[in-house]
Amino acid sequence: MNWYINGVTMDTKSSSTSLLGDGARTCLKLCEKIPLNIAKIRHHYYLYIGSKRVRKIWWKRLLISWVVGWTVVSLCIFWYMSSVASEKRKETLTSMCDERARMLQDQFNVSMNHIQAMSILISTFHHGKNPSAIDQKTFARYTERTAFERPLTSGVAYAVRVLHSEKEQFEKQQGWTIKSMDTLEQNQVHKNGYTPGLLEPSPIEEEYAPVIFAQDTVAHVISFDMLSGKEDRGNVLRARESGKGVLTAPFRLLKTNSLGVILTFAVYKRELPSNATPNERIQATDGYLGGIFHIESLVEKLLQQLASKQTILVNVYDTTNHSHPISMYGSNVSDDGLRHISTLNFGDPLRKHEMHCRFKHKPPWPWLAITTSIGILVIALLVGHIFHATINRIAKVEDDFHKMSDLKKQAEAADIAKSQFLATVSHEIRTPMNGVLGMLHMLMDTDLDVTQQDYVRTAQGSGKALVSLINEVLDQAKIESGKLELEAVRFDLRAILDDVLSLFSGKSQEKGVELGVYISDQVPDMLIGDPGRFRQIITNLMGNSIKFTEKGHIFVTVHLVEELIDSIDVETESSSKNTLSGFPVADKRRSWGGFRSFSEEGSASSFSSSSDAINLIVSVEDTGVGIPLEAQSRVFTPFMQVGPSISRTHGGTGIGLSISKCLVGLMRGEIGFVSIPKIGSTFTFTAVFTKARCDSNEFKIQQINNQANAASSEFHGMTALVVDHRPVRAKMSRYHIQRLGIRVEMASELHQGLSCISSGNTTINMVLVEQEVWDNDSGSSALFIDNLKKLNCEVPPKVFLLANSISSCRTSFVNSGVCTPTIIMKPLRASMLAASLQRAMGIGNKGNTRNGELPSLSLRNLLLGRKILIVDDNKVNLKVAAGALKKYGATVKSADSGKEAISLLTPPHSFDACFMDIQMPEMDGFEATRRIRDIERNVSNRIQHGEVSAKDYDNILTWHVPILAMTADVIQATHEECTKFVERGSIDEDLLARAPLPQDTVNGFRVFAVDSVSLVAESVYRSPARLVGI
């Protein structure tokens, strides 16, 4: 029975559907319309533009219009980019000019503030002290040391106010005569021609302003009367009346003959209020402090501080008289006409100053605009040329396209026909084959003698081999078409390996080959992944090992990748003492040597992606014939075998390993091998799963299907002693025994085990001795049994013998004459081991078995009294399914058509579940299910609205019988259709999600094995519809 839909798939789809909002749906609709619109555009283009008539008439005009239009566009782009470049050049000039003006103004304000501060200093220490604390030497030294605080001044001088009545006494006190400045203003002198003694005395005035203190740089102005000069007199009088700094007009400085200005501050006797009158200020004046600014040198020094000094030219003007501005700095050099004017404010409201800036060089050619416009024009011309060539060839391309479309449709039709043929052939082969296998399985439940059982098992083996071949061919076809996908369901890794061991246990016992499995304790109990495909990989690898191994062992180990990277305690040595059977093996480390997971980069990327990711590494080790060196390169090639003799001797298609490699790749893993001829082979692969956490319902199912878990509670508190001299084999035995909850002690020899028992430190309930240890020394075996009987124990330990073959055990017992212990046949599995211990120790289930199978009374109780409807048009399938369910206590009703199923499932009815075949004549399972759901929905609505009485419908308010889909079909379309039905609630999601049945045979459609009927039983038992209270 094929369970197409699993819980994880449905949960994912339902959650993704719920996340889609209105906006997302709108986008999906638009995306669906895009191909239609493109097809319409292509059709109209081919009909109108691509026709020959339009090309001949309009193409030349269109090409000319294209060229002219893009030429105009290129010119517009050139004009725009040139304008942008010119505007940017203007902005650059504005920024640079404003920056220089701001720096010059800031520096002037600093100097002006310091001069004003010096005026207060003179008022305090010269006029406020008697005698004065300042003389020429002190003033010169102070001004020299503080010159850095006045970056724009070339000198500072102080002139005292002297009345005419005080002149004679002042000149006697100073020792020099007050000189006039008229002669200097009329006849400008230079440094070499300047003699202060030859200057004329100042004429008689009401008051004088002789310079008494001066900085060394301007010491030549001492004794000059500042009121004797016309420009200076006006500035001095204006400064004392206003109380603010006053600037002179630009003039030629003494000695240097260069252009400069003087900033004058009045020095008052006392602190005046801000609203003092001019007369009050004149009366309170003591003197005048002036700062001399050498404009040309100071501006030049300031501009040198800027890196872009050479790019622009700067002129500074005194524009107090707009009609005749005075040039204070700069020269008249020709420019490109681009000029910027920045206003300067030096603190004197009567004097106006401006800074004129212009670029030194002419503007460069706008190469960016030129190249861009030309480039666009060239590209447009190339596009026009390409479009012209395209139009000339579009007709041929369209014709080729239509031809290719026809060929594509034919290929798609052929591919669909091939897929349908493959699915039909597979279905038609599986249906009778599964019927044969199902009837054979039911035949095994009857009383058969040994010969009849052998015949039936032979027929079953042949049938299963044919089904396996069909599965391999279908898988290879899916791989080639890229349609092979993995499921993501919850599964028990240990239970799967137990099932695989059961599959190969008969062959291993016949050959006398030891078969074992060991899973690390760090591997989680439950994983999320594809259990069927994982089982397929293990089955392929173990099947090959069974084929080619005649002696020794086959050993399967499962670890976390992190264990092998971080620990060196994992057995990887190839010595005979450290193997399962004592035969030498190929070193398994070489089989994973090239894996990315074991490289530094691979390990870093693999383990950091998700905390729930489980990276497993599985090794299958055998002591077979090995693979010849010349054939190892083609091991994973499909349909390739080592040689013709191998195919004739062992059979097989040669595609198992290639399919396994593909499946490993889908599991985000790698596969490799190492093989030594006449020694053996070891195949290793990695796979990535997700850690799962079981809820209570999942744990119930696991308990029902895994008898080891159901019986494990019976062994809690017990202790077992394992006697084996091979560490690897002893470790494997301990792993299986500990799964039953039994504490395990280890001993390498019988006498060591006897010492452990007799010590009394631990109560040993059972002793499991390896057959090889038992047979090595019959005398020690007999002595061991005798000593056990002599122990002073209430219940002596029960002795078990672990053997590979029952015949070899009987032979050894006959030869030795030792009392026969209870034999446990290997390979060890939790369910088999639990049953053997229960029977031998008299605990738990002690019922008899038929044909080697264990009973399942709990399942019979679950289905006892349940009525199940099976709908299938194949009579053989009906018999097989009915027999399988009746075996577990169910009452089964059969129907051979969808119409009959509708009539039987129309409420009211007494069915607890329905198994519905998908492919049936007249009405398939989908249509029948859809109609059943409509009927149930209609009846439920009528009951809830009070239109009909619930008593007429067995007092059930909501009718919804669980319907389980069955099919032998393997195509993806059937799977997708089942998914849609689950999303709509037509097929029962709960059953499909919680009953992932394996692909063995009991029923007629990829049906479940007898031990898997428990899943169906548990699903029916847990169904929410009409099973409440069971």
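The following refers to the structure shown. (Residues numbered from 1 in each chain as written. Predicted model: local features only at pLDDT ≥ 70, side-chain atom pairs only at ≥ 80, totals over all residues. Heavy atoms only, no water.)

Summing up its helical and strand segments, the chain has 32 helices and 28 strands in all. By residue count, 46% of the 1030 residues in the chain fall in the buried class. For the chain, contacts bridging at least 24 residues in sequence account for 74% of all contacts bridging at least 6. Surface accessibility of the chain: about 52,300 Å² in total, with carbon and sulfur atoms responsible for 55%. (Helix = DSSP H or I, 4+ residues; strand = E, 2+ residues; numbered from the N terminus. Buried < 20%, exposed > 50% of the residue type's maximum accessible area, 1.4 Å probe, protein only. Contact = heavy atoms within 4.5 Å. Areas by Shrake-Rupley, 256 points an atom, 1.4 Å probe, with all protein chains shown as cover.)

All right, on to the sheet that holds strand S22 (residues 766–770) then. Here 5 strands make up an open sheet; going across it, the order is S21-S20-S22-S23-S24 and the pairing parallel. The sheet terminates laterally at strand S21 (743–747) and strand S24 (822–825), the two strands that pair on one side only. Direction aside, the axes of adjacent strands within the sheet are offset by 25° on average. The pairing of strand S23 (residues 798–803) with S24 spans 4 bridges and is parallel. Each residue of the ladder has a partner; that of alanine 803, found in S24, is methionine 825. Of the strands in this sheet, strand S20 (719–723), S21, S22 and S23 are in contact with helix H20 (residues 727–738), which crosses S21 at around 165°. (Pairing = 2+ DSSP bridges. Axes fitted to C-alpha atoms, helices over the stretch in contact; angles between N-to-C directions.)

One pass over the structure, following the stated rule, counts 1 disulfide. In this model cysteine 97 forms its disulfide with cysteine 357; the gap between the sulfur atoms is 2.1 Å. Between cysteine 97 and cysteine 357, the disulfide has an S-S torsion of 70° and is therefore right-handed. Note that cysteine 97 is positioned in helix H3 (residues 52–127) and cysteine 357 in strand S12 (residues 353–359), a separation of 260 residues in sequence. Comparing cysteine 97 with cysteine 357 shows no difference in burial state: the two are buried. (Disulfide = S-S within 2.5 Å.)

Burial in helix H4 (residues 136–145) covers these residues: Phe139, Ala140 and Thr143. Along the axis of H4, the buried residues cluster in a sector spanning 95°; they form a single face. Across H4 from its buried face, at more than 90 degrees, point the exposed residues Lys137 and Arg145. (Arc of directions from axis to C-beta.)

Looking at the element boundaries, threonine 285 is found in strand S8 (residues 285–294). Here the side chain of threonine 285 touches arginine 281 through a polar contact of 2.6 Å, landing on its backbone oxygen. Non-local contacts of threonine 285, meaning those with residues more than four positions away in its chain, are made with Arg161, Arg240, Val267, Tyr268 and Lys269. (Polar contact = N/O pair within 3.5 Å; in protein donor to acceptor, adjacent residues only side chain to side chain.)

In contact at an axis separation of 9 Å, helix H13 (residues 531–548) and helix H17 (residues 656–666) are set at 145° when each is read in the N-to-C sense. Every pair of crossing elements has a handedness; the one defined by H13 and H17 is left-handed. Counting all contacts with H13, which are made through Arg533, Gln536, Ile537, Asn540, Leu541 and Asn544, the residues of H17 involved are Gly656, Leu657, Ile659, Ser660, Leu663 and Val664. Counted by class, the contact of H13 with H17 contains 6 nonpolar, 5 polar and 1 charged residues. (Left-handed = near helix turned anticlockwise from the far one by under 90°. Nonpolar A, V, L, I, M, F, W, Y, C, P; charged D, E, K, R; others polar.)

On the secondary structure map, asparagine 540 appears in helix H13. Note on asparagine 540: relative accessible area 12%, which makes it buried. Side-chain polar atoms of asparagine 540 contact the backbone oxygen of glycine 656, separated by 3.3 Å. Not counting chain neighbours up to four residues away, the residues in contact with asparagine 540 comprise Glu472, Gly656 and Ser660.

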